[in-house]
Amino acid sequence: MRMLQLIKRICKQVLRDKRTLALLFLAPIFVITLLNYIFPDPDDEVTIAAVNVSDDVIDILEDNDMIVKQENEIDIKPYLEDGNASAVLEEKDGEWTLTILNDNPMDEGPAIQGSSQAVMESNLNDLSDNIDDMINNMEDMSAGVKDMMESINEMMTQLPPEVAQNMDINMDMDVDTDIDTDIDSEIDMDEDPITVEYIYGDESYTFFEILNPILVSFFVFFFVFLIAGMSMLKERSSGTLEKLLSTPIRKSEIVFGYLFGYGIFAILQTAVIILYSVYILDMEIAGSITNMFIINILLSLVALGLGLLLSTFVSSEFQMIQFIPLVIIPQIFFSGMLNVDTMEPWLQWIAPIMPLYYAGNTMIDVVLKGFTLGEIMVPLSILVLFIVVFVTLNILGMRRYRKV
Amino acid sequence: MIKLSNISKSFGKQTILQDISVNIAANQITGLIGPSGTGKTTLIKCLMGMEKYDAGSIQIDNTTVPNRKLLNKTGYMAQSDSLYHDLTGLENIQFFAHMYGRKISNKTVQSTLNLVQLEQDKKKLVQHYSGGMKRRLSLAIALINQPKYLILDEPTVGIDPVLKLSIWDQLHDLKKDSTLLITTHIMDEAMKCDQLLLMKNKGIAASGTPQEILENFGVSDIDQVFLKLEEQEYENAAAN
């Protein structure tokens, strides 16, 4: 009953605070949309400036959908800094040099990959040309030998028979002049040297598609943490928490009231973010959307508990903000964007204490790999454990304001 | 009846209350007066169960504080206005009314709002209230559960003289059913109390009706009592 009134009050307050509503619902949509378009499409063309590069290589580069600018004698640094091209490819005495600015990791990959492929291909072409030449030479040679033989034979017939016999030339007329010229000198460059198989998804996956499930969870965590923490802080600093505790309300009723009151908005926010990602931004999901909801609703309750808990250690909004670099940012690194297994061992020990580590990785499992509810039971249970721990600590923490 | 026996309280090394024993008479207005920083608010928070006292015992109606159920018959008004600024006056008072176990009728809410003359402005958001209006709303909220014990920490700060008089009249009316404990450092208000507890040096320096205290110290107003106490202290220190 009291808890219900508390929930009602929280809803009223949030609905009246238009800015908080906007932060909850529009901010994540804005950022996710931005990210969707901000990452370069892997199919985008890359511009490469070619200096002293043979037409063969340029042809290959252009075949690989790169824009090639042929240049002579350019000052590379200013040229690149002016944004004329992503990279400069140069040949000098058979040495190939690719110069890149190295200020934007997004541009480099395609430029390096494309150029080295082109140079390799052209080298291979040269090689096969050489082989062809060699074979031609050999054919010429064998033709010469054949001619010689024939002329010798001819000569022999013209010699007197006794001389010919005495010459003791044991000429094997069966010298194999028929060198096998069927060496396959054609190296087929049209086929990819390697076939890439994708276990999850396909090659059309962009970075955003891998990042988005993590981002959904991150926003849920971040905004709910912030709003829950701030509102509890306000309740405390305005004296209303003290007033509330002067009534016979139970401390657990306050904590659960907060948890469910803000939980409603956390759930709505989660729904908006997920539905927007899936239906408007066309995020492909291999698993079920219900599982996405379960993960993020649990995560939002964790964020609520953590926000309420940390707000008891701060005395101003600014101090609450100070928790962001300390508590929120590090969790991003462990949320599935980077591979925790390859991190330093001590970092691998830190990862399991972070709620976003479970939520982010489980989101990837569900969205990209299509894990079922049964397969994500373990991380979900751990999130529930987080909620239980934070709620308990919050109820105990209320003792600071009232002893019973 | 509120009974305090040998209450001590310190924050770290700083002692705030030392060995306080006093009974607060039922159906009377008891004024807790003293210079700021003498522990009036700390004493009140101990009474409410918000602070833990280090030694001694507090009993209200033979129940030891802290006890959550006791809060049902207690009304509390803090020094600061503890209001939700994004709710209206009416929503504030209704919300707190719901926090008490038993149902509080709309009639009670209305009559309480009338008492503090906020009937006209009950639909306004509290953030548009004046300082005095907020104080009156806080008072109304403290009265909402018709408490047997009413604990008010400086209730009349920022309230204009006319309204102040009417509030004091109301407080005297409340005496029929309630025991009131009021802190103040406005000395002319102290004279309106039935009983006074003078706090000085972590303890109660004097108690009794205002008239008794004035006679004992042979002075004509309460301010001079504190000056006398100061002198005594100075003499004691010199004697030692």
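Remember, it's a predicted structure, so these values are computed and weren't measured experimentally. (Residues numbered from 1 in each chain as written. Chains lettered and ligands numbered in written order. Predicted model: local features only at pLDDT ≥ 70, side-chain atom pairs only at ≥ 80, totals over all residues. Heavy atoms only, no water.)

**A few points about the sheet that holds strand E8 (residues 179-184) of chain B**
Residue and element names in this part refer to chain B. Here six strands make up an open sheet; going across it, the order is E6-E7-E8-E3-E9-E10 and the pairing mixed. Each edge of the open sheet is held by one strand with a lone partner, namely strand E6 (74-77) and strand E10 (203-208). Strand-to-strand twist across the sheet, computed as the mean angle between neighbouring axes with direction ignored, equals 15 degrees. The pairing of strand E9 (residues 195-200) with E10 spans five bridges and is antiparallel. Residue pairing in the sheet places Leu-196 in a bridge with Gly-208 of E10. Against the sheet, helix H5 (residues 161-174) engages strand E3 (29-33), strand E7 (149-153) and E8, with an angle of about 145 degrees to E8. Against the sheet, helix H8 (residues 222-239) makes contact with E3, E9 and E10, and its axis sits at roughly 40 degrees relative to E9, the strand it touches most. (Pairing = 2+ DSSP bridges. Helix = DSSP H or I, 4+ residues; strand = E, 2+ residues; numbered from the N terminus. Axes fitted to C-alpha atoms, helices over the stretch in contact; angles between N-to-C directions. Contact = heavy atoms within 4.5 Å.)

**Description of the nonpolar core**
Of all hydrophobic cores here, the largest spans 135 residues; its most connected members are Leu-244 and Ile-254 of chain A together with Leu-171 and Leu-198 of chain B. Here this core takes 17 residues from helix H7 (residues 207-237) of chain A, the largest share from any one element. Apart from residues no more than four positions distant in its own chain, Leu-244 of chain A is found in contact with Leu-6, Arg-9, Glu-235, Ile-249 and Ile-254 of chain A together with Tyr-84, Phe-95, Phe-96 and Met-99 of chain B. Judged by nonpolar contacts, the second largest core, of 28 residues, contains Ile-24, Leu-32, Ile-151 and Leu-197 of chain B. (Core = buried A, V, L, I, M, F, W, Y, C linked by side-chain atoms within 4.5 Å. Buried < 20%, exposed > 50% of the residue type's maximum accessible area, 1.4 Å probe, protein only.)

**A word on the packing of aromatic side chains**
Counted under the stated rule, the structure contains 13 aromatic pairs over all chains. Measuring from ring centre to ring centre gives 5.0 Å for Tyr-357 of chain A and Tyr-358 of chain A, while their planes differ by 75 degrees; the resulting arrangement is edge-to-face. Each member of the aromatic cluster is reached from another via a ring pair, and the members are Phe-218, Phe-219, Phe-222 and Phe-223 of chain A. Sitting over the face of the ring of Phe-95 of chain B, Arg-9 of chain A holds its NZ or CZ atom 5.0 Å from the ring centroid. The aromatic ring of Phe-96 of chain B is capped on one face by Lys-243 of chain A, whose charged end is 5.8 Å from the ring centroid. (Phe/Tyr/Trp six-rings, centres within 6.5 Å; stacked < 30°, edge-to-face > 60°. Lys NZ or Arg CZ within 6 Å of the ring centre and 35° of its normal.)

**Side note on the layout of surface pockets**
All names here are of chain A. What the second largest pocket holds in volume is close to 500 Å³. Elements with a minimum of two residues in the lining of the second largest pocket: helix H1 (2-16), helix H2 (18-38), H7 and helix H9 (251-280). Here the lining of the second largest pocket takes six residues from H7, the largest share from any one element. For the lining of the second largest pocket, the class distribution of residues is nine nonpolar, six polar and seven charged. (1 Å grid on protein atoms, 1.4 Å probe; cavity = no way out; pocket = protein on both sides within 12 Å on 5 of 7 lines; lining within 4 Å. Points joined across faces, edges and corners; volume = space filled by probe spheres on them. Nonpolar A, V, L, I, M, F, W, Y, C, P; charged D, E, K, R; others polar.)

That is the geometry; function is a separate question.
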